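Residue-level structure breakdown
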Amino acid sequence: MGDSQTWTAVPAAAERARSVLAAAWSCAVTAEGGREEFVGAHSVDDDSRVLLQVPEDSALLAAAICAPRGEPSAVLEFADVAPVPVRNRIRARLWMAGWFVPEDDRLAFRATRVVLRPATGAVVVDLDEFAAAEPDPLALAEAQLLTHLADCHSDAVERLTRLVEPDSLHGAVRVQPLAVDRHGLTLRIERARAHGDVRLPFHAPADTVSHLTERMHVLLTQASAASCPRPLQRQRTDGDR
């Protein structure tokens, strides 16, 4: 896709959900036995099942064994947390309802319902689309990429604000990189009592870190040459007025 075209794609809900699942380090599980938090204990297999390592004395293990087969027995919750310190660091939450099946020394979770809740509102993710989707190719590298941009290249972030409409920057006290995916970079604009997010789309998808480097270079070149603000896709949050 050439530079003359407007590229405003964002990750589909299924891809965003898979990205949250892939990058999340912790998982909260609510079942008949109560609520438990697990850190670094989950993975995803080729069939889109969540595999969870639990202690032998976990109440969740007993609940999974006793639950009727095929009936929803648990809800898994994952949080998508911004790696850069900003207000409202939870960018999205992912809930998965379904049932566990004991399998060797772990529990295998099959989802019957998947709900993604970003700032724009909850979305029910189609199960077939969820199973077929892949995480964003930058999902696992995103935290390092954003913290490096914020900590070592604050001048570049400031330069990128030249691509933002003046109205979006009115009263801004801080701008930080909030998220990046193959389709674009999102900036968090913080004001004294509110905040908003502005997306800077790439001219073409970035499927690797090398691609991302080139896409960022293009944005920075556009920012350096900008003589007037450009219209951008704006994503408002509940606290933005």
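Residues numbered from 1 in each chain as written. Predicted model: local features only at pLDDT ≥ 70, side-chain atom pairs only at ≥ 80, totals over all residues. Heavy atoms only, no water.

Concerning the packing of aromatic side chains
Filter applied, for reference: Aromatic rings from Phe, Tyr and Trp, with only the six-membered ring used for Trp, were paired whenever their centres fell within 6.5 Å, and each pair was classed as stacked if the ring planes differed by under 30 degrees, edge-to-face if by over 60, and tilted otherwise. Remark: a charge is flagged as sitting over a ring if the NZ atom of Lys or the CZ atom of Arg is within 6 Å of the ring centre and within 35 degrees of the ring normal.
Under the definition given, this model contains one aromatic pair. Across from the ring centre of Phe130, 5.3 Å away, lies the NZ or CZ of Arg18, which sits over that ring.

Examining the pairing of strand S7 (residues 106–118)
Counted only if it meets this: Two strands pair under a simple rule: DSSP has to find at least two bridges between them. Each helix is a run of H or I in the DSSP string that is no shorter than four residues. Each strand is a run of E no shorter than two, and both are numbered from the N terminus.
Of the strand pairs in this sheet, strand S4 (residues 50–52) and S7 are connected by three bridges, and their pairing is antiparallel. If you follow Leu52 over to S7, its bridge partner there is Leu107. Relative to S7, strand S6 (residues 90–103) is paired through 12 bridges, and the arrangement is antiparallel. Pairing of Phe100 across the sheet is with Phe109, part of S7. Hairpin connection from S6 to S7: two residues lie between these consecutive antiparallel strands, with Asp104 at a positive phi of about 55 degrees. Bridging between S7 and strand S8 (residues 123–125) involves three bridges; their strand directions are antiparallel. By the bridge assignment for S8, Val114 is matched with Val125.

Examining the confidence of the model for the protein
For the record, the criterion: Each residue gets a pLDDT score, which is the predictor's confidence in that residue and runs from 0 to 100. Contacts: residue pairs with any heavy atoms within 4.5 Å of one another.
Chain-level pLDDT for the protein is 86 on average; 88% of the residues reach the 70-or-more range. Ranking the elements of the protein by mean pLDDT puts strand S12 (residues 233–235) last with 41 and S8 first with 97. Low pLDDT, under 50, characterises residues 1–7; the stretch is placed with 11 contacts to residues that sit more than four places away or in other chains. Of the regions scoring below 50 in pLDDT, residues 229–241 engages in 42 contacts with residues more than four places distant in sequence or in other chains.

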